[in-house]
Amino acid sequence: MNMHANPGLPFYRPVADECAVFETAHANGLPLLLKGPTGCGKTRFVEHMAARLGLPLHTVACHDDLSAADLIGRYLLKGGETEWVDGPLTRAVREGGICYLDEVVEARKDVTVVLHPLTDDRRRLVIDRTGEELAAPASFMLVASYNPGYQNILKKLKPSTRQRFLSIGFDFPDRATETAVVAAESGLDEARSDALVRLAGHIRTLSGMDLEEGVSTRLLIYAATLIAQGMGVDRAIEAAIVEPLSDEADVQQALRDLAASVYG
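What counts and what doesn't
- Residues numbered from 1 in each chain as written.
- Predicted model: local features only at pLDDT ≥ 70, side-chain atom pairs only at ≥ 80, totals over all residues.
- Heavy atoms only, no water.
- Core = buried A, V, L, I, M, F, W, Y, C linked by side-chain atoms within 4.5 Å.
- Buried < 20%, exposed > 50% of the residue type's maximum accessible area, 1.4 Å probe, protein only.
- Helix = DSSP H or I, 4+ residues; strand = E, 2+ residues; numbered from the N terminus.
- Contact = heavy atoms within 4.5 Å.
- Salt bridge = Lys/Arg side-chain N within 4 Å of Asp/Glu carboxyl O.

Asks: Looking at this model, I keep getting lost on the nonpolar core. Mind explaining?
Replies: One finds Leu 89, Leu 101, Leu 125, Phe 140 and Leu 142 to be the most contacted residues of the largest nonpolar core, which totals 30 residues. For this core, the secondary structure elements donating two or more residues are α3 (68-72), α4 (88-95), β5 (98-102), α5 (109-115), β6 (124-127) and β8 (141-146). Among all residues touching Leu 125, those that are not within four sequence positions of it are Ile 72, Leu 89, Thr 90, Val 93, Val 114, Leu 118, Glu 132, Glu 133 and Leu 134. In this structure, Val 182, Leu 199, Leu 219 and Val 262 belong to the second largest nonpolar core, which totals 27 residues.

Printed below as a string of structure tokens:
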């Protein structure tokens, strides 16, 4: 099945059977966890699937200060009166849409407590402040993501939470697929897109370099976009790859040397 052929959908090039797994999870009311490095296509995949299924999508970028109230909602003062305002999770439940929690491991611990009743056969959202208990409609789906390689000991997804979700492992696509994605997203021709992907492959396999993560597909698209708009290759790589990946002068120079070897 060609999952990206519809021009009305956000572009996504399937790598395996992840689209079928998503559709099956949604059809059966099962929550889904996406695991993989930053910038490898997890968010775009969710956007693609939400559009494919015709469902509203509420995306939450999780962070250290994100609380359960941020997801559920709170009372706000409007025009001199106190009014309840739904949070993104509550809106998704009411609408029967998808709530996507990006980097869920970054959120505060009280968030997982709220999620648990939505990730088992209860499929309920309890709003203590209003006394409501919402039953999630069949079309509602909870999707979360995190980067297992970027966790520290204080921020790990507990096994009791992980085991409430189906999981799909994501990684950077193979060279041909990633080249096609970079070309489609940036408008750069495939030959020059392939050169960027080859550079990324070298960076990702380097050992001993002080990089927290390898270069993401997202950054390759940024570099390709600059080149497609007429910027020189060296300057585009500097702005979209070298500078974002490291602040260390020696690491930056090593990246420049690597780019010179690819483009030499």
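Asks: Quick question: what am I supposed to make of the side chain of Ser 246 here?
Replies: Mapped onto the elements, Ser 246 comes out in the loop between α10 (233-245) and α11 (249-263). For Ser 246, a relative accessible area of 6% translates into the label buried. Beyond its immediate stretch of four places on either side in the chain, Ser 246 contacts Leu 211, Val 251 and Gln 252.

Asks: I would appreciate a short explanation of the pattern of salt bridges in the present structure.
Replies: Note on pairing: side chains with opposite charge can pair once their charged atoms come close. For the structure on display, the rule yields 15 salt bridges. Linking Asp 110 and Arg 108 is a salt bridge whose minimum nitrogen-to-oxygen distance equals 3.9 Å. Judged by relative accessible area, Arg 108 falls into the partly exposed class, the value being 42%. Several salt bridges share partner residues, and in doing so they unite Arg 44, Glu 47 and Glu 185 into one network.

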